[in-house]
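So the chains spell out like this:
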Amino acid sequence: GPVNDVRFAGEGGAVVVTGGYDQTCRVWDCRSTDPRPVQVLTGFRDAVTCVADASGRDACAITAGSADGSVRRYDVRNGGVTVDRFAASDGNAAAVADMALGVGGEVY
């Protein structure tokens, strides 16, 4: 399906991370000849709007934001995930349209 965001990650940009309308974040190995993603990260209830990797901080972490108001941080090494939810002043979910990671991995 349509892709909303793409980031090169990993050592030397050997990995591509995508976020799309299909409510998934996909991880692709640029060195592989296999056209399938090496991982599909799920759990979103709406489109994935932005992705970031933690290159230089934690090479095994991928962070993704969604229109469902969540930011998920995946540890691709052990399969762990942490979720932060953002809400508007009226209490409804606030879509995450873009984000940046701070030096310590904080989401802005």
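Residues numbered from 1 in each chain as written. Predicted model: local features only at pLDDT ≥ 70, side-chain atom pairs only at ≥ 80, totals over all residues. Heavy atoms only, no water.

Trainee: For this particular structure, what's the right way to read the pattern of salt bridges?
Mentor: In a structure, side chains of opposite charge can pair up when their charged atoms sit close to one another. Applying the stated criterion to the full structure yields 5 salt bridges. Its salt-bridge partner being aspartate 29, residue arginine 31 comes within 3.3 Å of it at the nearest N-O pair. Here arginine 36 ties to aspartate 34 by a salt bridge, and the two come within 2.7 Å at their closest N and O atoms. Using a relative accessible area of 58% as the deciding quantity, one classes arginine 36 as exposed. (Salt bridge = Lys/Arg side-chain N within 4 Å of Asp/Glu carboxyl O. Buried < 20%, exposed > 50% of the residue type's maximum accessible area, 1.4 Å probe, protein only.)

Trainee: Can you help me understand the sheet that holds strand S4 (residues 39-41) in this one?
Mentor: One key point about sheets: their strands pair by backbone hydrogen bonds, in either a parallel or an antiparallel sense. The antiparallel open sheet is built from 4 strands, whose spatial order is S1-S2-S3-S4. Of all strands in the sheet, those bounded by a partner on one side alone are strand S1 (3-9) and S4. Averaged over neighbouring strand pairs, the angle between their axes works out to 20° when direction is ignored. Looking at chain direction, strand S3 (residues 25-29) and S4 are connected through 3 bridges and run antiparallel. Bridged to cysteine 25 within S4 is leucine 41. (Pairing = 2+ DSSP bridges. Helix = DSSP H or I, 4+ residues; strand = E, 2+ residues; numbered from the N terminus. Axes fitted to C-alpha atoms, helices over the stretch in contact; angles between N-to-C directions.)

Trainee: What am I meant to see in the nonpolar core here?
Mentor: Across soluble globular proteins, nonpolar side chains show a tendency to be buried alongside one another. Grouped together as the largest cluster of nonpolar side chains are 11 residues: Ala9, Val17, Cys25, Val27, Leu41, Phe44, Val48, Val51, Ile62, Ala64 and Tyr74. Sorting the residues of this core by element identifies S3, strand S5 (48-53) and strand S6 (61-66) as the ones contributing at least two each. Among the nonpolar cores identified, the runner-up in size contains 6 residues, and Ala52, Val96, Met99 and Leu101 belong to it. (Core = buried A, V, L, I, M, F, W, Y, C linked by side-chain atoms within 4.5 Å.)

Trainee: What's the story with the side chain of threonine 24 in this structure? I'm lost.
Mentor: Here threonine 24 shows up in the loop between strand S2 (15-20) and S3. Residue classification places threonine 24 among the buried residues on the basis of a relative accessible area of 9%. For threonine 24, the side chain forms a polar contact with the side chain of arginine 26, separated by 3.2 Å. The residues contacting threonine 24, other than those within four sequence positions of it, are Thr18, Gly19, Val40, Leu41, Thr42 and Val48. (Polar contact = N/O pair within 3.5 Å; in protein donor to acceptor, adjacent residues only side chain to side chain. Contact = heavy atoms within 4.5 Å.)

Trainee: Honestly, the side chain of aspartate 68 in this entry has me stumped. Any pointers?
Mentor: Checked against the element boundaries, aspartate 68 lands in the loop between S6 and strand S7 (70-75). A polar atom in the side chain of aspartate 68 sits 2.8 Å from the backbone nitrogen of arginine 45. Filtering out sequence-adjacent residues up to four positions away, aspartate 68 remains in contact with Phe44, Arg45, Asp46 and Ala93.

Trainee: When you look at the pairing of S6 in this model, what are you seeing that I'm missing?
Mentor: For a regular strand, the rule is simple: side chains alternate between the two faces of the sheet. Counting buried positions along S6 gives 6 out of 6 residues, so the element sits mostly inside the fold. In the sheet, S5 pairs with S6 via 5 bridges, with the strands oriented antiparallel. Bridge pairing in S6 links aspartate 53 to isoleucine 62. The loop that links S6 with its antiparallel partner S7 comprises 3 residues; one of these, glycine 69, has a positive phi angle of about 90°.

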